[in-house]
Amino acid sequence: MTTSGFCNTTGSSIRTDVHSLSDRVDLYRLDASRLLDAARRSQMGQFFTPSVVARFMASLFGSTGDREVRLLDAGAGVGSLTAAFTEEMCKRPTKPSQIHVTAYELDPLLAEFLGRTLDECQHLSRDAGIPFAYTVKQEDFIRAGSRLICRGLFDQRSDRVAFTHAILNPPYRKIRSDSEHRVLLRSFGVETTNLYAGFVSAAIRMMQSHGELVAITPRSFCNGPYFKPFRELLLRNVRFRRIHVFQSRDLAFKDDDVLQENIIFHAVKGGRCAPVAISASLGPDFGSMTLREVEQADIVRPDDRHKFIHIATTTFDQSIVDRVNSFGHSLQDIGIRVSTGRVVDFRARRYLRQQPEPSAVPLIYPLHFNGGFISWPRTEAKKPNAIVLCSGTRTLVFPAGHYTVARRFSSKEEPRRIVPAVYDPECTASSWVAFENHLNVYHRNNAGLSPELARGLAVFLGSTLIDIYFRQFNGHTQVNATDLRALRYPSLEVLERIGQRVQDIFPSQDEIDMMIEKELELTMAQNATPDPVRAAKRIEEALAALKALDLPPGQHNERSALALLALLQLKPGTQWSEAESRPIGITPMMEFAAAHYGRQYAPNSRETFRRFTIHQFVQAGLVIENPDDPQRPVNSPKWCYQIEDAALNLLRTYKTALWNEHLAEYREKVESLRKRYAREREMKRVPVVVAEDTRIQLTLGKHSELIKLVIEEFAPRFTPGGEVIYVGDTGEKWGYFQEETLRELGVNVDSHGKMPDVVIYYPEKSWLLLVEAVTSHGPVDSKRRDELAEVFRASQAPLVYVTAFPTRAILARYISEISWETEVWVAENPTHLIHFNGERFLGPYASDAND
């Protein structure tokens, strides 16, 4: 079924209680999630895009100029992505000449919500002066796409009908080799095992040359043998422009309880080779995003026949890749192979034996791993310990010898992605051995390795360097033999030299990493980048310290660990006992993370650092604010933080025998410390009466003192009977907010809006006064006036712009910056008001009267 629309909104159900189009559609998403059958959603692979993710995806598209946009949204759901795209196009200074959306959605309930969304997109586009049309195709996208593609509708010569843009959150579902979807995809040259790759492939075929694609998908396609055909198709047809990585598996689609490593990528069909922006965030909190630029060849090595896609989100991640690649040898070079364990237990069930017996040989499972070696048998285990040796099992066994084995599966939360062990034939005294299918086995032509080589391989695979490398580019928790074959290894001589150092007790992690680092020093140039393994381990240590200090789960992340290291001035090579305590601001913390830990955070991450890490450090008594000047204004650029003395003394004992004892002592007194600092912070507050029965407390500082005067001196004189709607506190952002009153005036704002310091509604004149309190920076200049006009553009009350200064001397510093058609109030002369080039005293002007 197909429905269409062109600027026709008659009978549509338009929600007006939420100000942003994508936020309104987010309510549709939540409604649909409640109404849809959970089992069917899982069967269909439906996971809906939250508005914050949709807006980020839409922001990645390049400039459209004034050209026509033909947008494809396949698997559109309720239309979250199209809504965000429309919103993005409407707010850009150069708008497309027209937008036509083709949205595919098979589910009837979702298609109903989708129709409402597209009607709202028409309203928004019409208001922005952009003609908007849409077509909803209520049919299977793969079925419809294959039909159109095979008819040649989207050939290169047909750019008039091919799509200029595509935005996708495709369904995630495995497809069998004999399924209809698999057959349809093969009809136009696509071979894949998951529906999301099929959707992306079809969308690429339906796009015009230089068309743009933005998609959110699992990261699993980046490596592994099953997705190689899809990678080849993708890399043959498009060029990446941006890749964003979600570092947490459960945050991007947290409303749907999805555990999946996801990425967002922006690509251009047939585009030229250009640098690629790589960004990363824990979840959809894009305010704490790292960002770097790399070349296409850094993502896919030109000589890599597997076409693995490596996404190094930081310079230290890239250093990990460079270090691994510096070893330079393939398994073929060193004369060994790696294969999956041959025993699939459910197929060989009749040959399996719970306990060893004369006619059986050892069968090795992951449960037999013990401290870097194989410990056999495990008589208490539920799994079998042996397999009968007979004609039916001869092809499943290996001759006695030393083997290096590695687990194929691990959970995301396990400390190691690759877990190796050495099989020593002396532990079983058997002439044969079998390995179960959940293991990868290193061997030499189906026979054993030398003892030194087996142990050297296990050390190499067990190093933190290789663990980080696999976590970095492996989009799932499975370690395939193909992945291990693609790895670069040290030479045979080096592996055996490492193995000679391993005796009956397997080395500790630190000893393993020192061995590998020593070999790297011999391999790499002396001016190589600082050791990224040491940096990664230091971040892990800092994270463990925060957990031990009972910081909330919201601070159990890399950002908070880096903030702690910056506060302590701990570089990767610095001992905890050498931790320092010195005042430091947010920006210097971020610079420290970039310089010493390779984490280059985007400039707009400062607020996230402050609100979601440092604020909690302060509340926990771990950090104190402005030790050099407790009276410093909150909006001062000199605002700083310092580690608290007791916490410093404790952390200097971390990783020593004294740590546990000192931690227990610290925990006993930390509550009293928190209460003391909380009491001191509460004493440093400015009380303000905002209404007859309402009193608030603002953060101490000259800025808050001026806000108090605006409310208690300016407002009664110039807006008698006025209502204070909003008071900003730069310590808390939202010091006081009568959101419902502002909404009744037609204005909806969120934390992204650049609010003034005070908003006052003057009912006698029906004016809305926007007041900026200036003590050190920030008058209502022309730029700020435009920003405020944009935030309050929907106001039914005309706007009045006011800048408040504490003294005329401070006014004199900024007088040349103040915008015309605004008002100025000086607190030291509270009965006077200065108006700039206006024909009226304290009033709105025509350009701000939204009528």
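Below you will find a few notes about this structure.

1. Structural notes on the side chain of Glu-436
Alright, step 1. Inspection of the secondary structure puts Glu-436 in the loop between β20 (432-435) and β21 (439-443).
Alright, step 2. For the buried Glu-436, no salt bridge exists, and the shortest N-O distance to an oppositely charged side chain is 6.0 Å, to Lys-383.
Alright, step 3. When neighbours within four sequence positions are excluded, Glu-436 is seen to be in contact with Gly-341, Val-343, Asp-345, Leu-363, Ile-364, Tyr-365 and Pro-366.

2. Brief notes about unusual backbone geometry
Alright, step 1. Following Trp-376, the chain continues to Pro-377 via a peptide bond in cis, the omega torsion being 0 degrees.
Alright, step 2. Counting through the fold element by element, Pro-377 comes out in the loop between β15 (373-374) and β16 (386-388).
Alright, step 3. Here Ala-429, not a glycine, exhibits a phi torsion of approximately 55 degrees, which is positive.
Alright, step 4. Position of Ala-429 relative to the elements: it lies in the loop between β19 (420-423) and β20.
Alright, step 5. A residue is classified by how much of its surface remains accessible, and Ala-429, at 73% relative accessible area, is exposed.

3. Section: the packing of aromatic side chains
Alright, step 1. Within the structure shown, the criterion is met by 29 aromatic pairs.
Alright, step 2. Ring plane angle 85 degrees and centroid distance 5.8 Å describe the contact between Tyr-423 and Phe-435, whose orientation is recorded as edge-to-face. On the criterion of sequence distance, the pair formed by Tyr-423 in strand β19 and Phe-435 in strand β20 is long-range, its members being twelve residues apart. There is no split in this pair, since Tyr-423 and Phe-435 are both buried.
Alright, step 3. Put simply, the rings of Phe-221, Phe-230, Phe-240 and Phe-265 pair up and form one aromatic cluster.
Alright, step 4. Across the ring face of Tyr-28, the terminal group of Arg-116 is positioned such that the distance to the ring centre comes to 5.9 Å.

4. Things to note about the pairing of strand β4 (residues 132-137)
Alright, step 1. Among the six residues of β4, five are classified as buried, and the element is accordingly described as predominantly covered.
Alright, step 2. As paired elements, strand β3 (residues 98-104) and β4 share six bridges and run parallel to each other. Paired with Tyr-104 across the strands is Lys-137, a residue of β4.
Alright, step 3. For the handedness criterion, the β-α-β arrangement of β3, helix α5 (residues 108-127) and β4 is classed as right-handed.

5. Observations regarding the side chain of Glu-105
Alright, step 1. Among the secondary structure elements, Glu-105 is positioned in the loop between β3 and α5.
Alright, step 2. Assessed through its relative accessible area of 7%, Glu-105 is described here as buried.
Alright, step 3. Looking at Glu-105, its side chain comes within polar contact range of the main-chain nitrogen of Gly-77, at 2.7 Å.
Alright, step 4. From its side chain, Glu-105 meets the backbone nitrogen of Asp-107 in a polar contact 3.0 Å long.

6. Topic: the packing of helix α19 (residues 586-597) against helix α20 (residues 606-619)
Alright, step 1. The N-to-C vectors of α19 and α20 enclose an angle of 100 degrees; their axes lie 9 Å apart at closest approach. Between α19 and α20, the crossing angle belongs to the class labelled roughly perpendicular. Mapping the contact onto sequence places Ile-586, Thr-587, Met-589 and Met-590 in α19 and Arg-606, Phe-609, Arg-610 and Ile-614 in α20.
Alright, step 2. Its residues assigned to classes, the contact of α19 with α20 shows five nonpolar, one polar and two charged.

7. Looking at the sheet that holds strand β12 (residues 352-353)
Alright, step 1. Strand order in this open sheet of five strands is β12-β16-β13-β20-β17, and the pairing throughout is mixed. This sheet does not close on itself; its edge strands, each paired only once, are β12 and β17 (397-399).
Alright, step 2. The pairing of β17 with β20 spans three bridges and is antiparallel. Bridged to Phe-398 within β20 is Val-433.

8. A look at the pattern of salt bridges
Alright, step 1. A full pass over the atoms with the stated rule returns 40 salt bridges.
Alright, step 2. Glu-191 is the partner of Arg-182 in a salt bridge, and the nearest nitrogen-oxygen pair spans 2.7 Å.
Alright, step 3. Overall, the relative accessible area of 9% leaves Arg-182 in the buried class.
Alright, step 4. Across the pair Arg-455 and Asp-424 runs a salt bridge whose closest N-O atoms are separated by 3.9 Å. Taken together, the residues Arg-455 in helix α12 (residues 451-461) and Asp-424 in the loop between β19 and β20 connect sequence positions 31 residues apart.
Alright, step 5. Relative accessible area serves as the criterion here: at 12%, Arg-455 is assigned to the buried category.
Alright, step 6. The network of salt bridges with shared partners includes Glu-493, Arg-497, Arg-501 and Glu-519.

9. Quick word on the environment of Arg-488
Alright, step 1. Residue placement: Arg-488 occurs in the loop between α14 (481-486) and α15 (492-499).
Alright, step 2. Overall, Arg-488 belongs to the partly exposed group, its relative accessible area being 22%.
Alright, step 3. Sequence separation between Arg-488 and Arg-323 is 165 residues; the distance between their C-alpha atoms is 9.7 Å.
Alright, step 4. Other than its neighbours up to four places away in sequence, Arg-488 contacts Val-324, Asn-325, Phe-327, Gly-328, His-329, Ser-330 and Phe-460.

Criteria and thresholds
Residues numbered from 1 in each chain as written. Predicted model: local features only at pLDDT ≥ 70, side-chain atom pairs only at ≥ 80, totals over all residues. Heavy atoms only, no water. Helix = DSSP H or I, 4+ residues; strand = E, 2+ residues; numbered from the N terminus. Buried < 20%, exposed > 50% of the residue type's maximum accessible area, 1.4 Å probe, protein only. Lys, Arg positive; Asp, Glu negative; His and termini not counted. Salt bridge = Lys/Arg side-chain N within 4 Å of Asp/Glu carboxyl O. Contact = heavy atoms within 4.5 Å. Phe/Tyr/Trp six-rings, centres within 6.5 Å; stacked < 30°, edge-to-face > 60°. Lys NZ or Arg CZ within 6 Å of the ring centre and 35° of its normal. Pairing = 2+ DSSP bridges. Right-handed = clockwise from strand over helix to strand, strands pointing away. Polar contact = N/O pair within 3.5 Å; in protein donor to acceptor, adjacent residues only side chain to side chain. Axes fitted to C-alpha atoms, helices over the stretch in contact; angles between N-to-C directions. Parallel < 35°, antiparallel > 145°, perpendicular 65-115°, else oblique. Nonpolar A, V, L, I, M, F, W, Y, C, P; charged D, E, K, R; others polar.

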